[in-house]
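Overview (structure and organization)
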Amino acid sequence: MAFDALGLDPKILDALDAQGYTSPTPIQAQSIPILLEGIDLLGTAQTGTGKTAAFTIPIVQHLLEQPKTNRRKIKALVVTPTRELALQVGDNAKRYSKNTGLRTAIIFGGVGQNPQVDLLRKGVDILVATPGRLLDLQGQGHIDLRELTHFVLDEADQMLDMGFIHDIRKLLKIIPAKRQSLFFSATMPKSIQELSSQILKSNYQSVRIAVDKPTAERVTQKVYYVSKSEKPSMLIHLLQEMEGSVLVFGRTKHGCDKVVRILDKKGITAAAIHGNKSQNARQKALKGFKAGDVRVLVATDIAARGIDISGLEYVVNYELPNVAETYVHRIGRTGRADASGSSISLCSADERDYLKDIEKLIRADIPLDEDHPFTEGAAEEWAIPENRKPKKQGQRGPRPGRGGGQRGGAPKQGGSRGGRAPRRR
Ligand code: AMP
């Protein structure tokens, strides 16, 4: 199928052509016809599938079909959980509506509101916003949602994880009941399904893009057993062997800053993005990374969720996530669209259960690479049973030498995958 079979406005087709898109991605091919019909949509898909264009293109088409006299009133609202995602979705909307005269504005917290208020005053057709600032400006009378015809909730699972449920409920009371609603989530647990039923009309249609498996398949994965204390050395060792940009994931804000300091000392340009950084610092880091001035971006999951870095080849899981789905989101930062990528995980003894959960979710074993200089330290760490207990976030591991020595011992080599201990070299 080609885009021009969808009956889209030539201006949109030109914009897609300018992007170099030749054919719709699966989520686009399935969603665009449903959305053009005006039907509500429940999409199970994550970023990397082309979902932003899947919902933006039909919205732009519908807005172009509305009378021109209706311009500059907010008719489409996209709500995203993070500022980075808002910027990205807004950027997509601007690109796909290029030369149409439609205006897109992006608003989020953490920065002064005045430039955003100025933009809103000039009139906006498509508004992309994070929930807090949206309600704040609406409360102050800067945002009028009465003319809204399209409502998109993006990354709904992340939205609930971040505690935005009350904001969403408030928002639903403000927006017109007569609207087309689009609801996207990477995962669909019960709580998300319940929320979707409050937003979508009963005749909604579902599109499910099982991206987990293809992403996992497209991305070359590898795991190294490394002791906690030797992870910095291992990361430096890996960075010396890799070429190009690397996105490193940490679990905590503090941990990310620490990695940046260690890399800085070794002369490796690195920057961190996480919730404690100001919006300007985050944008600067992301921009530097995309431009190639910063080689290593160290991020927490929330800060990196949804960000699209084209051509990114390596993702390093410096710390494994304690929620298996997060791993799939992380490795989805590389291997986007048709590109391939590599994901490298450093697994310490206390993270072995996380690794098992991940392998269960992706229904595959992540190949273990024991060819590295830090296998001995890993074997020593693993030999102490106490070290193998998952730590709660922020909890410190036992100090070296404590915890019962070889008691219980390391499981024998060659046992079942997931129970295999690191080999001493
Ligand atoms: P998204 O899932 O919306 O974050 O999109 C993932 C990436 O795919 C972005 O870099 C888009 O620019 C790109 N993309 C979206 N639609 C297409 C398409 N039809 N052909 C090629 N690339 C696309």
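What follows concerns the packing of helix α3 (residues 51–65) against helix α4 (residues 83–96). A packed helix pair is summarised by two numbers, namely the angle formed by the two axes and the spacing between the axes. Running from amino to carboxyl end, α3 crosses α4 at an angle of 45°, the nearest separation of the two axes being 10 Å. In terms of orientation, α3 and α4 fall into the oblique class. You can see that α3 and α4 cross each other, and the crossing is right-handed. When α3 is examined against α4, the residues T52, A53, T56, I57 and V60 are found in contact with a partner set consisting of V89, N92, A93 and Y96. The residue makeup of the contact of α3 with α4, split by class, is six nonpolar, three polar and no charged.

Every second residue of strand β4 (residues 126–129) is oriented toward a common face, with I126 and V128 on one face and L127 and A129 on the other, all of them buried. A crossover connection joins strand β3 (residues 104–107) to the parallel β4 through helix α5 (residues 114–122); in handedness this β-α-β unit is right-handed.

Moving on, we get to the nonpolar core. Counting residues in hydrophobic clusters, the biggest one holds 56 residues, and the most contacted among them are L127, V128 and A129. The leading source of residues in this core is α3, at seven residues. Sequence-distant contacts of A129, defined by excluding residues within four places in its chain, comprise L77, V79, A86, I107, F108 and L134. If you look at the next biggest cluster of nonpolar residues, it comprises 53 residues, including V219, V223, Y224 and I331.

Despite not being glycine, N99 has its phi angle at roughly 65°, a positive value. Position of N99 among the secondary structure elements: in the loop between α4 and β3. Assessed through the 11 C-beta atoms surrounding it within 10 Å, N99 is described here as exposed. A positive phi angle, near 50°, is found at E155, a position not held by glycine. Note on E155: 24 C-beta atoms within 10 Å, which makes it buried.

Strand order in this open sheet of six strands is β8-β13-β12-β9-β11-β10, and the pairing throughout is parallel. The open sheet terminates on both sides in strands that have one partner only, identified here as β8 (219–225) and β10 (270–273). Mean inter-strand twist for the sheet, computed between neighbouring axes without regard to direction, equals 20°. Along the sheet, helix α13 (residues 279–291) makes contact with β10 and β11 (296–299), crossing β10 at roughly 135°.

Let us look at the sheet that holds strand β7 (residues 205–208). Strands sit in the order β3-β4-β2-β5-β6-β1-β7 across an open sheet of seven strands; the sheet is parallel. The open sheet has two edge strands, β3 and β7, and neither has a second partner. Here the strands of the sheet are splayed against their neighbours by 15° on average, with no regard to which way each runs. In terms of strand pairing, strand β2 (residues 76–79) meets strand β5 (residues 150–153) through four bridges, oriented parallel. Looking at β5, one finds that V78 is bridged to V152. Helix α6 (residues 131–139) rests against β2, β3 and β4 of the sheet, and its axis sits at about 105° to β3. Packed onto the sheet, helix α9 (residues 190–199) meets β1 (41–44), β5 and β6 (180–185) and runs at close to 170° relative to β6.

Basis of the calculations
- Residues numbered from 1 in each chain as written.
- Predicted model: local features only at pLDDT ≥ 70, side-chain atom pairs only at ≥ 80, totals over all residues.
- Axes fitted to C-alpha atoms, helices over the stretch in contact; angles between N-to-C directions.
- Helix = DSSP H or I, 4+ residues; strand = E, 2+ residues; numbered from the N terminus.
- Parallel < 35°, antiparallel > 145°, perpendicular 65-115°, else oblique.
- Left-handed = near helix turned anticlockwise from the far one by under 90°.
- Contact = placed C-beta atoms within 7 Å.
- Nonpolar A, V, L, I, M, F, W, Y, C, P; charged D, E, K, R; others polar.
- Buried ≥ 20, exposed ≤ 12 C-beta atoms within 10 Å, placed from the backbone.
- Right-handed = clockwise from strand over helix to strand, strands pointing away.
- Core = buried A, V, L, I, M, F, W, Y, C linked by C-beta atoms within 7 Å.
- Pairing = 2+ DSSP bridges.

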